[in-house]
Amino acid sequence: MIIKAENISYTYSEGGPFEKEALYNVSITINQGDFVGIIGHTGSGKSTLVQHFNGLLKPTSGKITVCGIDTLDKKANLKKVRTKVGLVFQYPEHQLFEETVRQDIAFAPKNMGLSERETQERVMWAASLVGLTDEILEKSPFEISGGQKRRAAIAGVLAMQPDFLVLDEPTAGLDPSGREEILFQIKKLHKETGITVAIVSHGMEDIAKTVEYLYVMNKGEIAMQGTPLEVYAQYELLEKMGLDAPQITKLMKHVYGVNICTVEDAKEYILGVAHRA
Ligand SMILES: Nc1ncnc2c1ncn2[C@@H]1O[C@H](COP(=O)(O)OP(=O)(O)OP(=O)(O)O)[C@@H](O)[C@H]1O
Ligand SMILES: [Mg+2]
C-alpha cells in the first residue's frame, strides 16, 4: 500500500481571515502498481489532495500514511517520502532552469548525493523512459517544444526513481498531439516498469483511455469512484458537478443504450452490430 488516507481534511490559512476548507473527510487508498485518475471541477481540491501524497501538505485533521510513514508524525522522514513519491506539478516546465535538459534531469539525483556516474545513468534511464533523445538532452530547455519540456520535467522526477509518480495536470496547455504523446509515454512507463501512477486531469476522453480507476472530486470531497466506464456511465451526475462525460459515451448511450467510454470501444461495438445485422 502506498497511500492510505483516512478522513483527511485540509484548511488553508486556518483561523485567518482567508480561511478556506479545501478538503473534507477524504479517504483514499492507493496500492502498489495502481494507475488512477483524479478528476474534478476547478477548485474541487485535486491539487490539495495530491500534495498530501508527498507530505508537502499535512492534513488539518485525519491521517495519511505514505509508504507506511505517517506524515503528521513529528519524527516522520519527509525527505524519504519526497523521494518515494515524485510529484510533477502543473506547468512543471516553469521549473526547468539549467543550461541543458541533461543538467535539469540530473538535478534531483545529484541532490540525492549520487555519484556523477550514477547520476548520468539515472539521466539516461529517465530520458529513455519518456522518449527523449540524446540530441534533446544537449539542448537548452528553452529551445525544445512544449511536449518535450513536459517530458523533460517528468524525467527529472523519474530520475529519483520514485515508487509512486503523481502528475498534476500533465497535459494542461498542450495541443492534442502533445497531450496524446505525454499520455502514451505515461501509459508505457506504467506498463514497462509497473510504477504506481496517479494523474490529475480535466481531459475527460484522455483520462478514460488512460487510467484503470477514477476518483471524482467535488467541493473538497470524493464524490464518485470506479472504473472510467462505471464513472462515465453516470454522466448526468457528472454534469451536475460541472463535468462533462466524453461525447462518445453520451452518443453511444443515446443511440445504442450501452455504456462505452472510448472511441476505440465504440468502433468495435458498432462494427459488431453491423456484422450481426
Ligand atoms: N494557497 C492557498 N490558499 C488559500 N486557498 C487555496 C490555496 N490553494 C488553493 N486554495 C483553494 O482551495 C480550493 C481547492 O484548490 P485546489 O487547487 O486544490 O483545486 P483544484 O481541484 O486543483 O483546482 P484546479 O483544477 O483549478 O487546479 C480552492 O477553492 C482554492 O481556491
Ligand atoms: Mg489543481
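Just so you know, these numbers come straight off a predicted model, no measurement behind them.

**Comments concerning the overall build of the chain**
So, step 1. Check the secondary structure of the chain and you find 12 helices and 10 strands.
So, step 2. The C-alpha radius of gyration computed for the chain amounts to 20 Å, which stays within 12% of the reference 19 Å derived for 277 residues, consistent with globular compactness.
So, step 3. Overall, the chain is about 65 × 50 × 35 Å in size when its C-alpha atoms are taken along their principal axes.
So, step 4. Out of the 277 residues in the chain, the part that is buried amounts to 49%.
So, step 5. Relative to all contacts within the chain whose residues are 6 or more apart in sequence, the contacts with residues 24 or more apart total 62%.
So, step 6. Working note: accessible area of the chain is about 13700 Å², and carbon and sulfur atoms make up 50% of it.
So, step 7. A distance of 3 Å separates the average location of the 30 positive side-chain charges in the chain from that of its 36 negative side-chain charges.

**Overview of the sheet that holds strand S2 (residues 20-30)**
So, step 1. Taken in spatial order, the 4 strands make up an open sheet running S2-S1-S4-S5, and their pairing is antiparallel. Across the chains shown, the open sheet's two edge strands, defined by having one partner strand only, are S2 and strand S5 (69-70).
So, step 2. The pairing of strand S1 (residues 3-12) with strand S4 (residues 61-66) spans 5 bridges and is classified as antiparallel. Among the inter-strand pairings, Lys4 is bridged to a residue of S4, identified as Thr65.

**Focus: helix H7 (residues 176-193)**
So, step 1. Its 18 residues give H7 an end-to-end C-alpha distance of 26 Å, which sits within 8% of 26 Å, the value for a rise of 1.5 Å per residue.
So, step 2. Among the residues making up H7, those that are buried are Gly178, Ile182, Leu183, Gln185, Ile186, Leu189 and His190. Considered in projection along H7, the buried side chains sweep an arc of 155° and stay on one side of the axis. Facing away from the buried side of H7 by over 90 degrees, the exposed positions are Pro176, Ser177, Phe184, Lys191 and Glu192.
So, step 3. On its buried face, H7 sits against strand S3 (35-40), helix H4 (116-129), helix H6 (146-158), strand S7 (164-168), strand S8 (196-201) and helix H8 (204-210).
So, step 4. A positive phi of about 75° marks Gly194, the residue just after H7.

**What about the site of ligand 1?**
So, step 1. Not every one of the 14 residues close to ligand 1 is listed here, only the nearest: Gly43, Gly45, Lys46, Ser47 and Thr48.
So, step 2. Note that an oxygen atom of ligand 1 is positioned 3.2 Å from one of the backbone N or O atoms of Ser44.
So, step 3. Its free accessible area being 630 Å², ligand 1 has 65% of it covered by the protein chains.
So, step 4. Counting residues per element, the ones that place at least two in the shell around ligand 1 are S2 and helix H1 (46-50).
So, step 5. Ranked by residue count, the leading element in the shell around ligand 1 is H1, at 3 residues.

**Some words on the sheet that holds strand S6 (residues 85-88)**
So, step 1. Pairing is mixed across the open sheet formed by 6 strands, whose spatial order is S6-S7-S8-S3-S9-S10. Sheet topology places S6 and strand S10 (221-226) at the edges, where each strand pairs with a single neighbour. The average angle at which neighbouring strand axes cross in this sheet is 20°, direction not considered.
So, step 2. Of the strand pairs in this sheet, S3 and strand S9 (residues 213-218) are connected by 5 bridges, and their pairing is parallel. In the strand pairing of S9, Ile39 is matched with Val216.
So, step 3. Seen against the sheet, H7 touches S3, S7 and S8 and runs at an angle of roughly 160° to S8.

**Thoughts on the confidence of the model for the chain**
So, step 1. Across the chain, the average pLDDT comes to 92, with 100% of residues at 70 or higher.
So, step 2. Across the chain, S1 holds the top mean pLDDT of 98, while H8 sits lowest at 81.

**Let's talk about unusual backbone geometry**
So, step 1. A positive phi angle, close to 45°, is found at Ser13, a residue other than glycine.
So, step 2. In this structure, Ser13 sits in the loop between S1 and S2.
So, step 3. Look at Ser13 and you get partly exposed, because its relative accessible area is 46%.
So, step 4. Positive phi, normally seen in glycine, also occurs at Lys219, with a value near 45°.
So, step 5. One can find Lys219 in the loop between S9 and S10.
So, step 6. The exposed category is assigned to Lys219, whose relative accessible area is 70%.

**Overview of the pairing of S8**
So, step 1. The element S8 is largely enclosed, with a buried count of 6 among its 6 residues.
So, step 2. Because side chains alternate across S8, one face comprises the buried residues Thr196, Ala198 and Val200, and the other comprises Val197, Ile199 and Ser201, equally buried.
So, step 3. In this structure, S3 lies alongside S8, joined through 5 bridges in parallel fashion. Its bridge partner being in S8, Phe35 is matched across the sheet by Val197.
So, step 4. Across 5 bridges, the pairing between S7 and S8 is parallel. From the neighbouring strand, Leu167 faces S8, where its bridge partner is Ile199.

Criteria and thresholds
Residues numbered from 1 in each chain as written. Chains lettered and ligands numbered in written order. Predicted model: local features only at pLDDT ≥ 70, side-chain atom pairs only at ≥ 80, totals over all residues. Heavy atoms only, no water. Helix = DSSP H or I, 4+ residues; strand = E, 2+ residues; numbered from the N terminus. Rg over C-alpha atoms; globule rule 2.2 N^0.38 Å. Buried < 20%, exposed > 50% of the residue type's maximum accessible area, 1.4 Å probe, protein only. Contact = heavy atoms within 4.5 Å. Areas by Shrake-Rupley, 256 points an atom, 1.4 Å probe, with all protein chains shown as cover. Lys, Arg positive; Asp, Glu negative; His and termini not counted. Charge placed at Lys NZ, Arg CZ, Asp CG, Glu CD. Pairing = 2+ DSSP bridges. Expected span 1.5 Å × (residues − 1). Arc of directions from axis to C-beta. Near = heavy atom within 4 Å. Polar contact = N/O pair within 3.5 Å; in protein donor to acceptor, adjacent residues only side chain to side chain. Axes fitted to C-alpha atoms, helices over the stretch in contact; angles between N-to-C directions. pLDDT = per-residue confidence, 0-100.

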